[in-house]
Amino acid sequence: MKQRIITAIIAAAIFIPIVMVGKVPFLLMVYLLASIGLYELMKMKKMRVFSFEAILSHVLLWILLLPNDYSTFLTENNYDKVQIFLIGVLVLLLYTVLSKNRFTFDDAGFLVITILYLGIGFYYLFETRDNESLGLVYILLTLFTIWATDSGAYFIGKALGKRKLWPEISPNKTIEGFFGGVFSALIVGVLFYAFSSLDYSLWQLLLISLIIAIFGQLGDLVQSAYKRHYGVKDSGKILPGHGGILDRLDSLIFILPILHLLHVL
């Protein structure tokens, strides 16, 4: 716990100022975090991280992460990000033949899903912050709600947890902890209603907090399913006491696309 707290303080001291600044520094951080996430998932599957498929995967990920304001060079040449991505998928499939099945169809499918998973999640991380008037508040609402959910689930689960939530995926999570996380998230919704500049009613903020709490915990289970399938405890080791980048950001990059697609943010 001591190591986790020290790491969290150092990470927050780096992360939060960049979130406050936004714009290009935040975009560069998003690119860095997404690239580390791709590296972690490729290592998890024991894929070569210095290879043609790794380079192509990073290029496709970086293209998906491009904000609309930064992708004019694509549109000027009559391409969009989806078309470039589809071309990349075809190249990955072709490479299964050229590599004589060293790089397999399963490998290609893994990379396609991984690039979409990271690309969509981190793209909406920047898009959320890039809202000039409310982007910072949206990010803080999402972060504080996720942190409250994680803390509530952990401490209430430790104190009261008896029934396993999904033992095949994450054996330590409990149903009591799940609802403890939801309850803690609702408190954040009340606090933002009282003290933030968001033009939402109390019921709207409670609904947003509920969505974040439920789908944030599901996003954590998605990452747990990845790790469980590939037989690893953590996605990486870059954050002592916490694991990898995806161990800390799995809920965030899962929930932000949902909030946007539901037109909540």
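S.K.: Which residues make up the pairing of strand E2 (residues 170-174), and what are the values?
M.R.: Judged from the two bridges that link them, strand E1 (residues 164-166) and E2 form a sheet pairing that is antiparallel. Looking across to E2, one finds that tryptophan 166 is bridged to serine 170. In sequence, E1 turns back onto E2 through a hairpin of three residues.

S.K.: Quick rundown of the packing of aromatic side chains? Include the residues and the values.
M.R.: In total, this model carries eleven aromatic pairs according to the counting rule given. Arranged with centres 4.7 Å apart and planes meeting at 50°, the rings of phenylalanine 52 and tyrosine 95 form a pair that is tilted. With phenylalanine 52 in helix H3 (residues 52-65) and tyrosine 95 in helix H5 (residues 81-98), the pair connects residues that are 43 residues apart, well separated along the chain. For the ring pair phenylalanine 144 and tryptophan 147, a centre distance of 5.6 Å and an interplane angle of 75° mean the geometry is edge-to-face. On the criterion of helical spacing, the pair formed by phenylalanine 144 and tryptophan 147 is a turn pair, its members being three residues apart in helix H7 (residues 135-160). Aromatic rings pair up to connect Phe110, Tyr117, Tyr226 and Tyr230 into one cluster.

S.K.: Quick one: what's the story with the packing of helix H6 (residues 105-129) against helix H9 (residues 202-230), residue by residue and with numbers?
M.R.: Viewed as axis vectors pointing N to C, H6 and H9 meet at an angle of 155°, and their least axial separation amounts to 14 Å. Here H9 runs roughly antiparallel to H6, going by the angle between their axes. Between H6 and H9 lies a crossing of left-handed hand. Along its contact with H6, which presents Phe110, Ile113, Thr114 and Tyr117, the element H9 presents Gln223, Tyr226 and Tyr230.

S.K.: So what's going on with the packing of helix H8 (residues 175-195) against H9? Residues and values would help.
M.R.: The interhelical angle for the contact between H8 and H9, taken along N-to-C directions, is 145°, at an axis separation of 8 Å. Relative to H9, H8 is oriented so that their crossing is right-handed. Residue-level inspection shows Gly177, Phe178, Gly181, Val182, Ala185, Leu186, Gly189, Val190, Phe192 and Tyr193 of H8 in contact with H9, the latter providing Leu202, Leu205, Leu206, Ser209, Leu210, Ala213, Ile214 and Gln217. Residues of the contact of H8 with H9, tallied by class, amount to 13 nonpolar, five polar and no charged.

S.K.: Account for the side chain of threonine 174, naming residues and giving values.
M.R.: By secondary structure assignment, the location of threonine 174 is in strand E2. The class of threonine 174 is buried, set by a relative accessible area of 8%. Discounting chain neighbours no more than four positions away, the residues touching threonine 174 are Gly157, Gly161, Lys162, Arg163, Lys164 and Leu165.

Conventions and cut-offs
Residue positions are given per chain, counted from 1 along the sequence in the order it is written. Where local features are concerned, this predicted model is filtered to residues with pLDDT of at least 70; where side-chain atom pairs are given and counted, the filter is 80 or more; whole-chain, interface and lining totals use all residues. Heavy atoms from the whole structure form the basis of all side-chain values; hydrogens and water molecules are not counted. Note: two strands are recorded as paired if DSSP finds a minimum of 2 bridges between them. The secondary structure listing takes helices from DSSP runs of H or I that are at least 4 residues long and strands from runs of E that are at least 2 residues long, numbered from the N terminus. Whether two aromatic rings pair depends on their centres lying within 6.5 Å, for rings of Phe, Tyr and Trp, where Trp uses its six-membered ring; planes under 30 degrees apart make the pair stacked, over 60 edge-to-face, and the rest tilted. Lines fitted to the C-alpha atoms define the axes, with helices restricted to the stretch that makes contact. Angles between their N-to-C directions range from 0 to 180 degrees. Roughly parallel means an angle under 35 degrees; roughly antiparallel, over 145; roughly perpendicular, 65 to 115; everything else is oblique. Whether a crossing is left-handed or right-handed is set by the direction in which the near helix is turned from the far one by less than a right angle, anticlockwise for left-handed and clockwise for right-handed. Contact criterion: two residues are considered in contact whenever any of their non-hydrogen atoms come within 4.5 Å of each other. Only Asp, Glu, Lys and Arg are considered charged in this grouping, and only Ala, Val, Leu, Ile, Met, Phe, Trp, Tyr, Cys and Pro are considered nonpolar; every other residue, Gly among them, is considered polar. Burial here depends on accessible area, computed with a 1.4 Å probe over protein chains only, as a share of the maximum for the residue type. Under 20% is buried, over 50% is exposed, and the range in between is partly exposed.

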